[in-house]
Amino acid sequence: MKAIRVHEFGGPEVLKLEEVPDPQPGPGQVVVRVHAAGVNPVDAYIRTGTYAFKPNLPYTPGSDAGGVVLSVGLDVKQWKAGDRVYTFGASSGTYAEQAVCNQSQVRRLPANASFEQGAAIGVPYGTAYRGLFQRGNAKPAETVLVHGASGGVGIAAVQLARAVGMTVIGTAGSERGMQLVKDQGAHHVLNHSSDDYLDELMKLTDGRGVDIIVELLANKNLGKDLTALAKKGRVMVIGSRGAVEINPRDAMGREADIRGVTLVATTETEYGEMHAALIAGLTVGTLRPIIGQEIPLAEAARAHQEVMKPSGAHGKIVLKP
Ligand code: NAP
């Protein structure tokens, strides 16, 4: 089969398409025929070799995919060849025609979701769910600012928050991104590249501020976030690409919380709850992953350039084997 292989850490050019042996499932594993693989920023961080998690070389990147079960290990009872699934982890990497997954890293893909949408669930929807509900304790009738709502995680957060009855304010950096965020259910959309958008946010909330901020670029925004929170508000730090200065008094006066979010810290029980909720939302239609770009597997390097562009996000980037 064909797979992207990384033999040395570095820039996008180290992603090479190669012919490798077809994988075989071990005990407790399934092999998935990948129809689409999700491209996440973390795949690009790992590729550089400077990220906290450093795989042994060579490796195939990717954790998320939509596809069909090809074969199962001897002791696997839950899955059979032909099942439509999405993955949220893979021992062999999903940037390939086939991926080996532990049976617990696979869930049934609802019939109304495409394979491309299946590839957009694992990291983005899992992280948005964890940030809002498992770490953020988000409640119906609260107001949330999704700070960076036009990308994979942001769109998921908008749809999840809207579905439980929150008031949703989303931001994007382009007109196209703003329209997308509006179309996905945000009550209000602001442009995070304009100077006065947080003044507008205070007007929208009658000067009160928001209960929760889902923060996708904390190194730019955390200081201002603390001034946009209501009393007892919390900032969920999901994305950050550097250091930032804050004024701790902005948190003191509001008794505000800054909470980190890491998808990989999710427990088995929490994963069970998370994916039950995500599958329910996909099935009834409140969750609808948006695919911005489909890129051939052979052009994985271009996909990594695209996912690291500083602005212009428009949903999810997926690779097509
Ligand atoms: P993505 O699809 O590339 O989206 C990036 C988002 O950031 C876009 O909505 C973009 O908006 C927005 N953005 C750009 N400039 C911004 C600004 N000044 N203020 C606020 N937002 C801004 O990436 P993603 O998959 O959604 O991931 C987003 C971040 O979360 C990444 O840093 C990723 O590494 C991180 N993440 C963390 C975890 C975790 O476990 N903690 C899990 C998943 C992702 P425009 O393009 O419209 O400007």
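One can find the structure itself at the top, above this paragraph.
Residues numbered from 1 in each chain as written. Predicted model: local features only at pLDDT ≥ 70, side-chain atom pairs only at ≥ 80, totals over all residues. Heavy atoms only, no water.

## Remarks on helix α3 (residues 122–135)
Right, on to step 1. At Tyr-129, α3 shows its largest bend, some 25°.
Right, on to step 2. Counting buried positions along α3 yields 11 of 14 residues, so the element is predominantly enclosed.
Right, on to step 3. For α3, the full list of buried residues reads Gly-122, Val-123, Pro-124, Tyr-125, Gly-126, Thr-127, Ala-128, Tyr-129, Arg-130, Gly-131 and Leu-132.
Right, on to step 4. Downstream of α3 by a residue or two, Asn-137 has a phi angle that is positive, lying close to 55°. (Bend = angle between axes of the 7 residues up to and from the residue. Helix = DSSP H or I, 4+ residues; strand = E, 2+ residues; numbered from the N terminus. Buried < 20%, exposed > 50% of the residue type's maximum accessible area, 1.4 Å probe, protein only.)

## Digging into the site of the ligand
Right, on to step 1. By nearness alone, 29 residues border the ligand, and Tyr-45, Ser-150, His-192, Val-261 and Ala-313 come closest of all.
Right, on to step 2. Here Asn-221 contributes a side-chain N or O atom positioned 2.9 Å from a nitrogen atom of the ligand.
Right, on to step 3. A distance of 2.8 Å separates a nitrogen atom of the ligand from a polar backbone atom of Val-261.
Right, on to step 4. Starting from 920 Å² of accessible surface for the ligand in isolation, the protein chains cover 88%.
Right, on to step 5. Elements supplying a minimum of two residues to the shell around the ligand: α1 (41–48), α3, α4 (152–163) and α7 (218–227).
Right, on to step 6. For the shell around the ligand, the residue count by class is 14 nonpolar, 13 polar and 2 charged.
Right, on to step 7. For the shell around the ligand, the domains that each give at least three residues are domain 1 (2–120 + 289–320) and domain 2 (124–264). (Near = heavy atom within 4 Å. Polar contact = N/O pair within 3.5 Å; in protein donor to acceptor, adjacent residues only side chain to side chain. Areas by Shrake-Rupley, 256 points an atom, 1.4 Å probe, with all protein chains shown as cover. Nonpolar A, V, L, I, M, F, W, Y, C, P; charged D, E, K, R; others polar. Domains from an automatic or database assignment.)

## Points about unusual backbone geometry
Right, on to step 1. Cis peptide bonds are those with omega within 30 degrees of zero, and the linkage from Leu-57 to Pro-58 qualifies with -10°.
Right, on to step 2. Along the polypeptide, Pro-58 turns up in the loop between α1 and β4 (64–72).
Right, on to step 3. Positive phi, normally seen in glycine, also occurs at Asn-137, with a value near 55°.
Right, on to step 4. For Asn-137, the location among the structural elements is in the loop between α3 and β8 (143–147).
Right, on to step 5. Not every positive phi belongs to a glycine, and Asp-206 is a case in point at roughly 55°.

## Description of a nonpolar patch on the surface
Right, on to step 1. There is a patch of nonpolar side chains on the surface, built from Val-244, Ile-246 and Ile-258 and spanning about 200 Å² of accessible area.
Right, on to step 2. Note on placement: Val-244 falls in the loop between β12 (229–237) and α8 (248–254). (Patch = residues over 30% accessible without salt bridge, like charges linked within 9 Å, V, L, I, M, F, W, Y side chains within 5 Å. Salt bridge = Lys/Arg side-chain N within 4 Å of Asp/Glu carboxyl O.)

## Section: the pairing of strand β6 (residues 98–102)
Right, on to step 1. With respect to burial, β6 is a largely interior element, 4 of its 5 residues being buried.
Right, on to step 2. By the bridge criterion, 5 bridges tie strand β3 (residues 29–38) to β6 in an arrangement that is antiparallel. Looking at the pairing, Val-32 lines up with Ala-99 of β6. (Pairing = 2+ DSSP bridges.)

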